[in-house]
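Structural overview for review
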Amino acid sequence: MMRSRLNIPFLKRGKFFVCLLLLTACLHDEKLNEPVKEGDEPTSALDVYIDENFTQAYNIAVRYKYVDNYVDPGQRVAPPILDVVKPMLDFVQEYWIDVYLAVENGEAFFRRYVPAELIFLGGLIYNGDGTVTLGTADAGARITYTNVNGFDLDDPDWLQLQLQVTYHEFAHIVHQEFSLPSGFENISPAGYSSAGSWYNLTEEEALQRGFVSPYATSSVNEDFAETIAFYVFDASFFEHYINLDADCVTADCENDNAGKEKIFEKLTSIKEHYLKVTGVDLDDLRAELQSKL
Ligand SMILES: [Zn+2]
(Lines give C-alpha, C1' and ligand atoms only; values in the text may rest on other atoms or scores of the structure.)
Protein backbone atom coordinates (compact mmCIF):
# COMPACT_ATOMS: atom_id res chain seq x y z
CA MET A 1 0.00 0.00 0.00
CA MET A 2 1.31 3.43 -0.87
CA ARG A 3 0.53 6.81 0.48
CA SER A 4 -0.05 9.40 -2.17
CA ARG A 5 0.12 13.11 -1.77
CA LEU A 6 -1.57 15.31 -4.27
CA ASN A 7 0.13 18.66 -4.62
CA ILE A 8 -2.01 21.11 -6.48
CA PRO A 9 -0.21 24.43 -6.63
CA PHE A 10 -2.76 26.47 -8.46
CA LEU A 11 -6.09 26.30 -10.17
CA LYS A 12 -6.51 27.17 -13.79
CA ARG A 13 -9.77 27.98 -15.49
CA GLY A 14 -11.68 26.13 -12.81
CA LYS A 15 -9.81 22.89 -13.47
CA PHE A 16 -7.03 21.42 -11.46
CA PHE A 17 -3.47 21.69 -12.54
CA VAL A 18 -1.68 19.14 -10.50
CA CYS A 19 2.01 19.73 -10.22
CA LEU A 20 4.01 17.51 -7.95
CA LEU A 21 3.68 14.04 -6.60
CA LEU A 22 5.64 12.51 -3.80
CA LEU A 23 5.22 8.90 -2.88
CA THR A 24 6.35 7.57 0.44
CA ALA A 25 6.17 4.14 1.91
CA CYS A 26 2.91 3.50 3.61
CA LEU A 27 2.93 3.98 7.33
CA HIS A 28 -0.48 2.50 7.82
CA ASP A 29 -1.14 -1.17 7.94
CA GLU A 30 -4.15 -1.19 10.16
CA LYS A 31 -7.76 -1.80 9.30
CA LEU A 32 -9.29 1.28 7.75
CA ASN A 33 -12.20 1.30 10.08
CA GLU A 34 -10.53 0.57 13.36
CA PRO A 35 -12.18 2.25 16.34
CA VAL A 36 -11.22 5.80 17.00
CA LYS A 37 -8.76 6.10 19.86
CA GLU A 38 -10.10 7.28 23.16
CA GLY A 39 -9.33 10.93 23.70
CA ASP A 40 -10.41 13.62 26.06
CA GLU A 41 -14.12 13.86 26.60
CA PRO A 42 -15.57 16.52 24.28
CA THR A 43 -16.47 19.67 26.14
CA SER A 44 -17.10 22.49 23.69
CA ALA A 45 -20.37 22.54 21.78
CA LEU A 46 -18.41 21.98 18.58
CA ASP A 47 -16.61 18.94 19.94
CA VAL A 48 -19.86 17.50 21.26
CA TYR A 49 -21.37 18.00 17.80
CA ILE A 50 -18.42 16.21 16.16
CA ASP A 51 -18.56 13.42 18.69
CA GLU A 52 -22.27 12.79 18.14
CA ASN A 53 -22.52 13.36 14.40
CA PHE A 54 -19.24 11.95 13.15
CA THR A 55 -17.42 9.91 15.75
CA GLN A 56 -20.38 8.07 17.22
CA ALA A 57 -22.42 8.14 14.02
CA TYR A 58 -19.75 6.94 11.57
CA ASN A 59 -16.60 6.24 13.57
CA ILE A 60 -14.88 9.23 11.96
CA ALA A 61 -12.51 11.34 14.05
CA VAL A 62 -12.27 14.96 12.94
CA ARG A 63 -8.98 16.72 13.75
CA TYR A 64 -8.92 20.48 13.59
CA LYS A 65 -6.68 21.27 16.57
CA TYR A 66 -2.97 20.47 16.92
CA VAL A 67 -2.87 19.81 13.18
CA ASP A 68 0.94 19.78 13.16
CA ASN A 69 0.59 16.22 14.42
CA TYR A 70 -1.00 15.15 11.13
CA VAL A 71 1.56 16.34 8.60
CA ASP A 72 5.15 15.36 7.94
CA PRO A 73 7.96 16.99 9.88
CA GLY A 74 9.18 19.97 7.89
CA GLN A 75 5.71 20.87 6.64
CA ARG A 76 4.13 23.99 8.06
CA VAL A 77 0.37 24.15 8.53
CA ALA A 78 -2.14 26.19 10.47
CA PRO A 79 -5.38 25.04 12.08
CA PRO A 80 -8.64 26.44 10.70
CA ILE A 81 -10.34 29.39 12.31
CA LEU A 82 -13.10 28.08 14.53
CA ASP A 83 -15.88 29.74 12.55
CA VAL A 84 -15.35 27.54 9.49
CA VAL A 85 -15.20 24.16 11.23
CA LYS A 86 -18.95 23.67 11.54
CA PRO A 87 -19.60 24.77 7.93
CA MET A 88 -16.87 22.35 6.78
CA LEU A 89 -18.47 19.55 8.77
CA ASP A 90 -21.76 20.38 7.07
CA PHE A 91 -20.01 20.27 3.71
CA VAL A 92 -18.63 16.79 4.45
CA GLN A 93 -22.05 15.64 5.59
CA GLU A 94 -24.01 17.05 2.66
CA TYR A 95 -21.62 16.55 -0.24
CA TRP A 96 -20.18 13.19 0.72
CA ILE A 97 -21.91 11.28 3.52
CA ASP A 98 -25.44 12.18 2.46
CA VAL A 99 -24.61 11.37 -1.16
CA TYR A 100 -23.64 7.80 -0.26
CA LEU A 101 -26.55 7.45 2.13
CA ALA A 102 -28.98 8.44 -0.61
CA VAL A 103 -27.98 5.82 -3.18
CA GLU A 104 -28.80 2.13 -3.21
CA ASN A 105 -26.30 0.10 -1.14
CA GLY A 106 -24.37 3.29 -0.43
CA GLU A 107 -24.83 3.42 3.32
CA ALA A 108 -23.47 -0.07 3.99
CA PHE A 109 -20.44 0.57 1.78
CA PHE A 110 -19.80 3.99 3.32
CA ARG A 111 -20.02 2.76 6.89
CA ARG A 112 -17.78 -0.20 6.22
CA TYR A 113 -15.01 1.70 4.41
CA VAL A 114 -15.10 5.31 5.55
CA PRO A 115 -11.62 6.60 6.48
CA ALA A 116 -11.09 6.84 10.23
CA GLU A 117 -9.80 10.42 10.28
CA LEU A 118 -10.58 13.71 8.62
CA ILE A 119 -8.03 16.48 9.08
CA PHE A 120 -9.05 20.11 8.58
CA LEU A 121 -6.23 22.56 7.84
CA GLY A 122 -6.85 26.28 7.70
CA GLY A 123 -4.54 27.01 4.80
CA LEU A 124 -2.25 25.15 2.50
CA ILE A 125 0.61 22.86 3.43
CA TYR A 126 3.97 24.61 3.08
CA ASN A 127 6.64 22.05 2.33
CA GLY A 128 10.31 22.28 3.20
CA ASP A 129 11.26 22.47 -0.48
CA GLY A 130 9.19 25.59 -1.07
CA THR A 131 6.26 23.86 -2.74
CA VAL A 132 2.71 24.11 -1.50
CA THR A 133 0.24 21.27 -1.14
CA LEU A 134 -3.45 21.93 -1.60
CA GLY A 135 -4.88 18.55 -0.74
CA THR A 136 -3.74 15.16 0.43
CA ALA A 137 -5.19 11.75 0.86
CA ASP A 138 -3.37 9.02 2.67
CA ALA A 139 -3.84 5.32 2.07
CA GLY A 140 -7.55 5.30 2.64
CA ALA A 141 -7.16 5.84 6.39
CA ARG A 142 -7.28 9.62 6.41
CA ILE A 143 -8.37 12.54 4.27
CA THR A 144 -6.64 15.87 4.81
CA TYR A 145 -8.58 18.94 3.70
CA THR A 146 -6.59 22.11 3.09
CA ASN A 147 -7.74 25.71 2.74
CA VAL A 148 -10.71 25.15 5.01
CA ASN A 149 -10.42 28.87 5.88
CA GLY A 150 -11.30 29.57 2.25
CA PHE A 151 -14.69 27.92 2.81
CA ASP A 152 -17.01 29.22 0.10
CA LEU A 153 -19.57 27.00 -1.56
CA ASP A 154 -20.03 29.66 -4.23
CA ASP A 155 -16.37 29.48 -5.23
CA PRO A 156 -16.15 26.75 -7.89
CA ASP A 157 -12.40 26.31 -7.43
CA TRP A 158 -12.73 25.81 -3.68
CA LEU A 159 -15.66 23.45 -4.08
CA GLN A 160 -13.97 21.37 -6.78
CA LEU A 161 -10.78 21.05 -4.76
CA GLN A 162 -12.66 19.67 -1.76
CA LEU A 163 -14.81 17.36 -3.88
CA GLN A 164 -11.81 16.08 -5.80
CA VAL A 165 -9.90 15.31 -2.61
CA THR A 166 -12.94 13.56 -1.12
CA TYR A 167 -13.95 11.39 -4.05
CA HIS A 168 -10.42 10.67 -5.26
CA GLU A 169 -9.37 9.30 -1.91
CA PHE A 170 -12.52 7.31 -1.31
CA ALA A 171 -12.07 5.73 -4.75
CA HIS A 172 -8.70 4.31 -3.69
CA ILE A 173 -10.53 2.17 -1.14
CA VAL A 174 -12.17 0.23 -3.95
CA HIS A 175 -8.98 -0.94 -5.66
CA GLN A 176 -7.29 -1.49 -2.29
CA GLU A 177 -10.10 -3.76 -1.14
CA PHE A 178 -11.34 -5.25 -4.40
CA SER A 179 -8.49 -4.71 -6.91
CA LEU A 180 -8.76 -2.85 -10.20
CA PRO A 181 -11.24 -3.77 -12.92
CA SER A 182 -9.94 -6.70 -14.94
CA GLY A 183 -7.79 -5.45 -17.81
CA PHE A 184 -7.95 -1.81 -16.69
CA GLU A 185 -4.18 -1.40 -16.99
CA ASN A 186 -4.31 -2.52 -20.62
CA ILE A 187 -6.64 0.23 -21.87
CA SER A 188 -3.94 2.89 -22.27
CA PRO A 189 -0.72 1.12 -21.27
CA ALA A 190 1.56 3.47 -23.20
CA GLY A 191 0.08 6.57 -21.64
CA TYR A 192 1.43 6.24 -18.14
CA SER A 193 4.22 8.68 -17.38
CA SER A 194 7.59 7.70 -16.00
CA ALA A 195 8.19 8.32 -12.30
CA GLY A 196 8.16 11.95 -11.29
CA SER A 197 7.32 13.30 -14.74
CA TRP A 198 3.53 13.45 -14.88
CA TYR A 199 3.47 17.12 -13.92
CA ASN A 200 5.24 18.01 -17.15
CA LEU A 201 2.14 17.00 -19.12
CA THR A 202 -0.54 19.45 -20.15
CA GLU A 203 -4.19 18.60 -19.67
CA GLU A 204 -4.60 18.13 -23.42
CA GLU A 205 -1.61 15.81 -23.65
CA ALA A 206 -3.11 13.74 -20.83
CA LEU A 207 -6.48 13.70 -22.61
CA GLN A 208 -4.90 12.56 -25.86
CA ARG A 209 -3.23 9.70 -24.00
CA GLY A 210 -6.63 8.71 -22.60
CA PHE A 211 -6.50 10.26 -19.12
CA VAL A 212 -8.73 12.76 -17.31
CA SER A 213 -5.72 14.64 -15.86
CA PRO A 214 -1.92 14.70 -15.96
CA TYR A 215 -1.90 13.25 -12.44
CA ALA A 216 -3.95 10.27 -13.64
CA THR A 217 -0.99 9.24 -15.82
CA SER A 218 1.18 8.71 -12.73
CA SER A 219 -0.07 5.15 -12.09
CA VAL A 220 -2.99 2.84 -12.79
CA ASN A 221 -4.28 3.36 -9.25
CA GLU A 222 -4.22 7.16 -9.60
CA ASP A 223 -5.85 6.80 -13.02
CA PHE A 224 -8.66 4.78 -11.44
CA ALA A 225 -9.14 7.27 -8.58
CA GLU A 226 -8.98 10.36 -10.78
CA THR A 227 -11.44 8.96 -13.31
CA ILE A 228 -13.98 8.16 -10.60
CA ALA A 229 -13.56 11.53 -8.85
CA PHE A 230 -13.89 13.53 -12.05
CA TYR A 231 -16.85 11.46 -13.19
CA VAL A 232 -18.73 12.06 -9.98
CA PHE A 233 -18.02 15.77 -9.43
CA ASP A 234 -17.48 17.27 -12.90
CA ALA A 235 -20.83 18.40 -14.29
CA SER A 236 -19.20 18.71 -17.73
CA PHE A 237 -17.53 15.30 -17.66
CA PHE A 238 -19.11 14.10 -20.89
CA GLU A 239 -18.33 17.33 -22.68
CA HIS A 240 -14.74 17.34 -21.45
CA TYR A 241 -13.83 13.69 -21.70
CA ILE A 242 -16.35 11.57 -23.59
CA ASN A 243 -18.31 13.27 -26.36
CA LEU A 244 -16.45 13.02 -29.66
CA ASP A 245 -16.01 15.87 -32.09
CA ALA A 246 -17.64 14.66 -35.30
CA ASP A 247 -16.12 17.36 -37.49
CA CYS A 248 -12.41 17.00 -36.89
CA VAL A 249 -10.14 18.77 -39.35
CA THR A 250 -6.93 18.72 -37.31
CA ALA A 251 -4.70 15.98 -35.96
CA ASP A 252 -5.15 17.40 -32.46
CA CYS A 253 -8.89 16.98 -32.73
CA GLU A 254 -8.51 13.39 -33.90
CA ASN A 255 -6.07 12.71 -31.08
CA ASP A 256 -8.52 14.20 -28.57
CA ASN A 257 -11.18 11.84 -29.89
CA ALA A 258 -8.84 8.86 -29.60
CA GLY A 259 -8.12 9.79 -25.99
CA LYS A 260 -11.81 10.20 -25.23
CA GLU A 261 -12.51 6.72 -26.59
CA LYS A 262 -9.97 5.32 -24.14
CA ILE A 263 -11.53 7.27 -21.26
CA PHE A 264 -14.94 5.93 -22.24
CA GLU A 265 -13.56 2.41 -22.15
CA LYS A 266 -12.06 3.05 -18.70
CA LEU A 267 -15.25 4.59 -17.38
CA THR A 268 -17.29 1.64 -18.62
CA SER A 269 -15.01 -0.90 -16.96
CA ILE A 270 -14.87 1.15 -13.73
CA LYS A 271 -18.65 1.49 -13.49
CA GLU A 272 -19.20 -2.25 -14.03
CA HIS A 273 -16.53 -3.13 -11.47
CA TYR A 274 -17.66 -0.60 -8.87
CA LEU A 275 -21.25 -1.81 -9.08
CA LYS A 276 -20.22 -5.45 -8.90
CA VAL A 277 -17.93 -5.15 -5.87
CA THR A 278 -19.64 -2.39 -3.85
CA GLY A 279 -23.26 -2.60 -5.01
CA VAL A 280 -23.16 1.15 -5.67
CA ASP A 281 -23.96 2.51 -9.12
CA LEU A 282 -21.63 5.42 -9.93
CA ASP A 283 -24.31 6.90 -12.18
CA ASP A 284 -26.57 7.17 -9.13
CA LEU A 285 -23.74 8.68 -7.08
CA ARG A 286 -22.98 11.22 -9.80
CA ALA A 287 -26.66 12.14 -10.18
CA GLU A 288 -27.05 12.56 -6.43
CA LEU A 289 -24.00 14.79 -6.07
CA GLN A 290 -24.82 16.80 -9.18
CA SER A 291 -28.31 17.50 -7.80
CA LYS A 292 -26.60 19.39 -4.97
CA LEU A 293 -24.17 21.44 -7.06
ZN1 LIG B 1 -4.45 9.12 -5.18
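For the structure, check the block above.
Residues numbered from 1 in each chain as written. Predicted model: local features only at pLDDT ≥ 70, side-chain atom pairs only at ≥ 80, totals over all residues.

Moving on, we come to the overall build of the protein chain. Helix and strand content of the protein chain: nine helices and ten strands. The buried share of the protein chain, reckoned over its 293 residues, is 40%. Restricting to contacts in the protein chain with at least 6 residues of sequence separation, those with at least 24 account for 66%. (Helix = DSSP H or I, 4+ residues; strand = E, 2+ residues; numbered from the N terminus. Buried ≥ 20, exposed ≤ 12 C-beta atoms within 10 Å, placed from the backbone. Contact = placed C-beta atoms within 7 Å.)

Assignment of secondary structure puts Ser179 in the loop between helix 4 (156–178) and helix 5 (203–209). Note on Ser179: 11 C-beta atoms within 10 Å, which makes it exposed. It is 9.4 Å that separates the C-alpha atoms of Ser179 and His273, two residues lying 94 residues apart in sequence.

Moving on to the packing of helix 6 (residues 220–233) against helix 8 (residues 251–278). Put simply, helix 6 and helix 8 touch, their axes get as near as 10 Å, and they point 90 degrees apart. As the angle between them shows, helix 6 and helix 8 are arranged roughly perpendicular. Seen from helix 6, the contacting residues are Phe224, Thr227, Ile228 and Tyr231; seen from helix 8, they are Lys266, Leu267 and Ile270. A class-by-class count of the residues in the contact of helix 6 with helix 8 yields five nonpolar, one polar and one charged. (Axes fitted to C-alpha atoms, helices over the stretch in contact; angles between N-to-C directions. Parallel < 35°, antiparallel > 145°, perpendicular 65-115°, else oblique. Nonpolar A, V, L, I, M, F, W, Y, C, P; charged D, E, K, R; others polar.)

On to helix 3 (residues 106–113). Residues Gly106, Phe109 and Phe110 constitute the buried set of helix 3. Along the axis of helix 3, the buried positions cluster into a sector of 100 degrees, meaning they face one direction only. In the core, the buried residues of helix 3 are packed alongside helix 2 (85–102) and helix 8. (Arc of directions from axis to C-beta.)

Across soluble globular proteins, nonpolar side chains show a tendency to be buried alongside one another. The biggest cluster of nonpolar side chains holds 66 residues, and the ones touching the most others in it are Phe120, Ile228 and Val232. Excluding its chain neighbours within four sequence positions, the residues that come into contact with Phe120 are Val62, Arg63, Tyr64, Pro80, Val85, Met88, Tyr145 and Val148. (Core = buried A, V, L, I, M, F, W, Y, C linked by C-beta atoms within 7 Å.)

Positioned with a positive phi, Asn59 is a non-glycine residue whose angle comes to about 65 degrees. Tracing the chain through its elements places Asn59 in the loop between helix 1 (45–58) and strand 5 (61–63). In the Ramachandran plot, Asn105 falls in the positive-phi region, its phi being about 65 degrees despite a non-glycine side chain. Tracing the sequence through the fold places Asn105 in the loop between helix 2 and helix 3. Residue Asn105 is classed as partly exposed on the basis of its 14 C-beta neighbours within 10 Å.

Here strand 5 runs beside strand 6 (residues 117–120); their pairing, made up of three bridges, is parallel. Within strand 6, the residue paired with Val62 across the bridge is Leu118. Here strand 6 pairs with strand 10 (residues 142–145) via four bridges, running parallel. Of the residues in strand 10, the one forming a bridge with Ile119 is Thr144. (Pairing = 2+ DSSP bridges.)

Looking now at the packing of helix 2 against helix 3. In contact at an axis separation of 6 Å, helix 2 and helix 3 are set at 135 degrees when each is read in the N-to-C sense. With respect to helix 3, the element helix 2 is oriented oblique. Residue-level inspection shows Ile97, Tyr100, Leu101 and Ala102 of helix 2 in contact with helix 3, the latter providing Gly106, Glu107, Phe109 and Phe110. Taken together, the residues that form the contact of helix 2 with helix 3 break down as six nonpolar, one polar and one charged.

Right, let's get into the environment of Leu163. Within the secondary structure, Leu163 is located in helix 4. Separated by 67 residues in sequence, Leu163 and Phe230 have C-alpha atoms that sit 9.1 Å apart. Among residues more than four places away in sequence, those in contact with Leu163 are Tyr95 and Phe233.

Our next topic: helix 1. Over its 14 residues, helix 1 runs 19 Å from end to end, which matches the ideal 20 Å to within 8%, given 1.5 Å per residue. The largest bend in helix 1 is about 35 degrees, located at Asp51. A positive phi of about 65 degrees marks Asn59, the residue just after helix 1. (Expected span 1.5 Å × (residues − 1). Bend = angle between axes of the 7 residues up to and from the residue.)

Turning next to the environment of Gly128. Looking at the secondary structure, you find Gly128 in the loop between strand 7 (125–126) and strand 8 (132–133). On the neighbour-count criterion, Gly128 (10 C-beta atoms within 10 Å) is exposed. Considered as a pair, Gly128 and Asp72 are 56 residues apart in the sequence and their alpha carbons are 9.9 Å apart. Once you skip the residues sitting within four places of it in the chain, Gly128 turns out to touch Gly74 and Gln75.

Take it as geometry only, folks, not as evidence of what the structure does.
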